[in-house]
Amino acid sequence: MKAIAINNYGSVDEFHEIELPVPTLAPDEVLVKVKATSVNPIDWKARLGYLQKMYPWHFPIVLGWDVAGTITKVGSAVHDFKVGDDVFARPDIYNEGQYGTYAEFTKVKQDKLALKPSRLSFQEAAAVPLAGLTAWQVIVDRLQVKKGDKVLIQAGTGGVGLFAIQIAKHLGAVVATTASARNADWLRKLGADTVIDYHTQDYTQLLTDYDAVFDTTDDIANGLKILKPEGRLVTIAGHPADSQKTAKPSAEAWWLQPNGNQLAELGQLINDGVVKVIIDSTFPLSVQGVRDAQQKSEGNHARGKIVIVATDN
Ligand SMILES: NC(=O)c1ccc[n+]([C@@H]2O[C@H](COP(=O)([O-])OP(=O)(O)OC[C@H]3O[C@@H](n4cnc5c(N)ncnc54)[C@H](OP(=O)(O)O)[C@@H]3O)[C@@H](O)[C@H]2O)c1
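Everything numeric here is computed off the predicted structure, so don't read it as measured data. (Residues numbered from 1 in each chain as written. Predicted model: local features only at pLDDT ≥ 70, side-chain atom pairs only at ≥ 80, totals over all residues. Heavy atoms only, no water.)

Caption draft 1: Region of interest: the packing of aromatic side chains. Under the counting rule described, the total for this entry stands at five aromatic pairs. Taking the centre distance of 6.1 Å and the plane angle of 55 degrees together, the rings of Phe15 and Tyr102 count as tilted. On the criterion of sequence distance, the pair formed by Phe15 in strand E2 (residues 15-19) and Tyr102 in the loop between strand E6 (86-89) and strand E7 (105-109) is long-range, its members being 87 residues apart. Judged by relative accessible area, which is 0%, Tyr102 ranks as buried. By way of ring pairs, the aromatic residues Tyr55, Trp57 and Trp65 are connected into one cluster. The aromatic ring of Phe105 is capped on one face by Lys33, whose charged end is 6.0 Å from the ring centroid. Seen from the ring of Trp186, Arg303 lies directly overhead, with NZ or CZ sitting 4.1 Å from the centre. (Phe/Tyr/Trp six-rings, centres within 6.5 Å; stacked < 30°, edge-to-face > 60°. Helix = DSSP H or I, 4+ residues; strand = E, 2+ residues; numbered from the N terminus. Buried < 20%, exposed > 50% of the residue type's maximum accessible area, 1.4 Å probe, protein only. Lys NZ or Arg CZ within 6 Å of the ring centre and 35° of its normal.)

Caption draft 2: Expanded view of the sheet that holds strand E13 (residues 227-235). The six strands are arranged E11-E10-E9-E12-E13-E14 in an open sheet whose pairing can be described as parallel. With partners counted over all chains shown, the strands left at the sheet margins are strand E11 (194-197) and strand E14 (250-253), one partner each. Each neighbouring strand pair of the sheet contributes to a mean axis angle of 15 degrees, computed without reference to strand direction. Pairing between strand E9 (residues 150-153) and strand E12 (residues 210-215): three bridges, direction parallel. Bridged to Val151 within E12 is Ala212. Sheet contacts for helix H3 (residues 129-142): E9, E12, E13 and E14; angle to E12, the most-contacted strand, approximately 155 degrees. (Pairing = 2+ DSSP bridges. Axes fitted to C-alpha atoms, helices over the stretch in contact; angles between N-to-C directions. Contact = heavy atoms within 4.5 Å.)

Caption draft 3: Just the nonpolar core, in detail. Within the largest apolar cluster, 94 residues are counted, with the highest numbers of intra-cluster contacts made by Phe15, Trp57, Leu63, Tyr102, Val128, Ile139 and Ile153. Two domains each provide a minimum of three residues to this core, namely domain 1 (2-128 + 277-309) and domain 2 (131-253). With residues up to four places along the chain from it excluded, the contact list for Trp57 reads Tyr9, Ala46, Leu51, Leu63, Trp65, Ile93, Tyr94, Asn95, Glu96 and Gly97. If you look at the next biggest cluster of nonpolar residues, it comprises 13 residues, including Ala176, Tyr210, Val213 and Ile220. (Core = buried A, V, L, I, M, F, W, Y, C linked by side-chain atoms within 4.5 Å. Domains from an automatic or database assignment.)

Caption draft 4: Seen up close, the pattern of salt bridges. All chains considered together, the criterion is met by 14 salt bridges. Across the pair Asp85 and Lys82 runs a salt bridge, and its minimum N-O distance is 2.8 Å. Taken together, the shared-partner salt bridges in this structure form one network comprising Glu29, Lys107 and Lys109. (Salt bridge = Lys/Arg side-chain N within 4 Å of Asp/Glu carboxyl O.)

Caption draft 5: How the structure looks around the pairing of strand E1 (residues 2-6). The buried fraction of E1 is high, at four of five residues. Where E1 lies against E2, five bridges are found, and the strand directions are antiparallel. Opposite Ile6, over in E2, you have Phe15 as the bridge partner. Where E1 and strand E4 (residues 61-62) come together, two bridges link them in antiparallel fashion. Of the residues in E4, the one forming a bridge with Ala5 is Val62.

None of the figures reported here should be taken as evidence of function without further support.
Dropping the structure here:
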């Protein structure tokens, strides 16, 4: 199969097309023909070599951890999915480093899979798993946001932030978010109650007595300043000091745990029109397409998700 891989850590020029064997399956895995994938900041951080201490990958490395596609083969222990099912997932990050989603095929464990919401295209579905599940797990599981809670969601225009705002509003929260001024009206239409221009305004001077902060920008010390004593901050971008973890208000770090059942629940909310999938731009699944998509993500001003679409659909 064709895959877009890197042979060294470095710039987007490291991406090249290579031939790899189609992944072989463990009993609990399925093979998915990739129809679309998406870019997350972890992809370009990995390309730059920042994840070397976390993962013992060896070159060539295939990046990409969102997939929407069709099952072409199932392992012997897979019972809930069958060949021909249209699915989406945030696959595991395998230690070999070769089963990313910038490829013709990828493999996914059945407990990470969900059926693609019927109202979504493959492009839209590929925009959901990593960012959507991260938002779900932080807002619903870690912060346990409930009706009336005051919640600050940093970087509301980002892939994660857009899902987090919509999920928090669905739960009845009062949502403040940070963004560039040009995105303020648009974010208000999407449900944000307060939009703070992080270029010109200091949110610690504007927000007080908050119940929860979702930190996506590694701004932990400031986030803690706006919380009630019993308030909680969860960061997906930084590392709280031990003293911040045990203090009141408290901070904790979270790393996404891919989960097919939760993805199905989120998919239902999307199918019902409660949560919208916002796509910033799409690129073809080609060497140039992957280079352009990663550069766009690295620019740090995407409005929603950057999607990569297979060209042989
Ligand atoms: N721990 C985990 O499991 C996990 C999972 C997913 C993501 N992450 C991390 O979470 C972060 C966000 O991910 P993402 O996918 O949402 O990124 P993204 O889509 O690339 O975020 C881009 C957005 O960030 C906004 N932004 C940039 N700097 C900002 C600042 N100082 N304050 C407020 N907004 C700012 C920009 O808004 P404007 O254009 O309006 O300025 C832009 O819309 C990344 O660092 C990513 O690696 C971690």
